[in-house]
Amino acid sequence: MTHVYCVMMTYHVFLESLEELIKASANAKGQLSSIDAFSYISINIAKHAKDADLNQVNVTVSVKENRKVGFGVFINSDVNSADGSCNGYTTLRNLFGRLESLTFRYSKGSSKLTGCDLTFNKPLFPQTNSHVQASLSSSENFSRTAGFHSNDMVGEVQYQVGGFGGLNKFKVAALWQQIYGAGNAVPVKLREEYGHHTKFSAHHTYTRDTRDDILTPTRGSRFSLSTELAGFLGDSNHLKVDADVSKTTRLPFGLSSTVTARAGFIRPLVEGSRVSITDRFYCGGPGSIRGFFSDGIGPKADTKPLGGLFHWGLGLSLHRQLPFKPYIWGLGKFMRLHSFVNTGALESEPASLFRNPRLSVGSGLIIKVADRFKMEINYAVPLRHQPTDVVNQGLQFGIGLNFL
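Figured I'd write up the structure that's included with this text. (Residues numbered from 1 in each chain as written. Predicted model: local features only at pLDDT ≥ 70, side-chain atom pairs only at ≥ 80, totals over all residues. Heavy atoms only, no water.)

1. Thoughts on the side chain of aspartate 279
Applicable threshold: Under the DSSP-based scheme used, a helix requires at least four consecutive residues in state H or I and a strand at least two consecutive residues in state E, with every element numbered from the N terminus. Any pair of nitrogen or oxygen atoms within 3.5 Å is treated as a polar contact; in protein, a donor-acceptor pairing is required on top of that, and neighbouring residues in sequence qualify only through side-chain atoms on both sides. Contacts are assigned to residue pairs with any non-hydrogen atoms lying within 4.5 Å of each other.
Inspection of the secondary structure puts aspartate 279 in the loop between strand 14 (256–268) and strand 15 (300–301). A distance of 2.8 Å separates the side chain of aspartate 279 from the side chain of lysine 199, its partner in a polar contact. Among residues more than four places away in sequence, those in contact with aspartate 279 are Lys199, Ser236, His238, Lys240 and Ile266.

2. Things to note about the pairing of strand 11 (residues 195–209)
The criterion, for reference: A strand pair is defined by DSSP finding two or more bridges across the two strands.
Where strand 10 (residues 166–181) meets strand 11, 13 bridges bridge the pair, whose relative direction is antiparallel. Counted as the bridge partner of asparagine 168 is tyrosine 206 from strand 11. Pairing geometry for strand 11 and strand 12 (residues 220–234), over 10 bridges, is antiparallel. Following the sheet pairing, threonine 207 is matched in strand 12 by serine 224.

3. Focus on the environment of proline 350
Let me state the cut-off plainly: Here's how the labels work: a residue is buried when its accessible area is under 20% of the maximum for its type, exposed when over 50%, partly exposed in between, all with a 1.4 Å probe on protein chains only.
Checked against the element boundaries, proline 350 lands in the loop between strand 18 (335–347) and strand 19 (358–369). Judged by its relative accessible area of 46%, proline 350 is partly exposed. Each C-alpha atom, one on proline 350 and one on histidine 311, is 8.8 Å from the other, the two residues being 39 residues apart in sequence.

4. Considerations on empty space enclosed by the protein
Filter applied, for reference: Definitions used throughout: a 1 Å grid over protein atoms alone; a cavity as a set of points that fits a 1.4 Å probe which cannot get out; a pocket as an open set with protein on both sides within 12 Å along at least five of seven lines; a lining residue as one with an atom within 4 Å of a point. Grid points are joined across faces, edges and corners, and a volume is the space filled by probe spheres set on the points.
One pass over the full model with this rule turns up 2 cavities of 30 Å³ or more. Size it by volume and the largest cavity reaches roughly 300 Å³. Residue lining of the largest cavity: 25 residues in total, with Pro217, Thr258, Thr260, Lys374 and Phe403 positioned closest to the centre. Among the secondary structure elements, those contributing two or more residues to the lining of the largest cavity are strand 13 (238–250), strand 14, strand 17 (310–321), strand 18 and strand 20 (373–384). For the lining of the largest cavity, the leading source of residues is strand 17, giving 4 residues.

5. Considerations on the pairing of strand 13
The sheet contact formed by strand 12 and strand 13 spans 11 bridges and is antiparallel. Paired with serine 226 across the bridge in strand 13 is aspartate 242. Hairpin remark: strand 12 followed by strand 13, antiparallel, with 3 residues in the connecting loop. As judged from the 13 bridges shared by strand 13 and strand 14, these two strands associate in the antiparallel manner. When the bridges of strand 14 are listed, aspartate 242 appears paired with glycine 264. Linkage of strand 13 to strand 14, two consecutive antiparallel strands, is achieved through a turn of 5 residues, within which phenylalanine 253 is found at a positive phi near 65°.

Shape is all these values report; function is a separate question.
This is the structure:
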């Protein structure tokens, strides 16, 4: 059974303009949508009364409660990769009358072969965008480029809260992982990674996003800083920091430019300790430096990528909507043309990080898919590479959220 609520509550809010009122109303609707409690949300702005001050208005919010039990299927994309997955889920909503939810999800994909997780979520009031989340998950993963499998079991607790103009996520996690391979044609350096691993870690991620569209922006910026500290228990001891910043600016003739910069490092906290192959950075591919195969840049054992401890990347992209109107069958509304320049490097030692940067250029088509992720079809040309790199000159397909 569903219910439509209309609760009369009076708040006195002072705003300077109609624009501020509309933005505040849209923000309130977005916050109500984010808690997944309502299937319908309507906001109506009307004059306070016939004889009232013209500057006084009534804002009425009408909502329709979601069903107690929800289920569905959706296709998801792994961030910055060409890997996708099909997901099925079941959700129990409003378990204890305070918008708590319990979700079970099963996924099957190309990189994460199979996975399932159980997540309990509790919004916190009156803070905005704030909740506590606890989850247990199990997954079987496969690295197509390095050729190893991993079975992961993870338990984690996460606290999310707004602050410093963005969103903060604090998380503690415990991981049990088994790495193994198939066949004997595996380099010794990769076989040394096989076996059982445990990691206990604390994470913090800060994100600030002011873009007008998270997939195909025409203006705004995004900044993300992720920090991981591992070593409380288990056999992993390291500090991992990764940063990503982008700025999009409108230009004449319908053009927009996006400048993106990335950098990160991993530093072992115990002398002589080794960073697991699943914790290292990887570089190259459609979501990274285009014109190379996925994980095609950096240290290798034979032709298998080993990952690196230091990385950086820079990207410049010029893009615009399709240059004809009206849009053919409406396709042009979610398609953009772009040209790009990418450069960067991945190394195990900081001294050689800027010695041999890779460089590629190209053009292509950006397609926004159902406001969930975007696809790129590009023709890329590597202009600078190293003998050990695996280049991919020509057509390249990518799917993800944030590209270089």
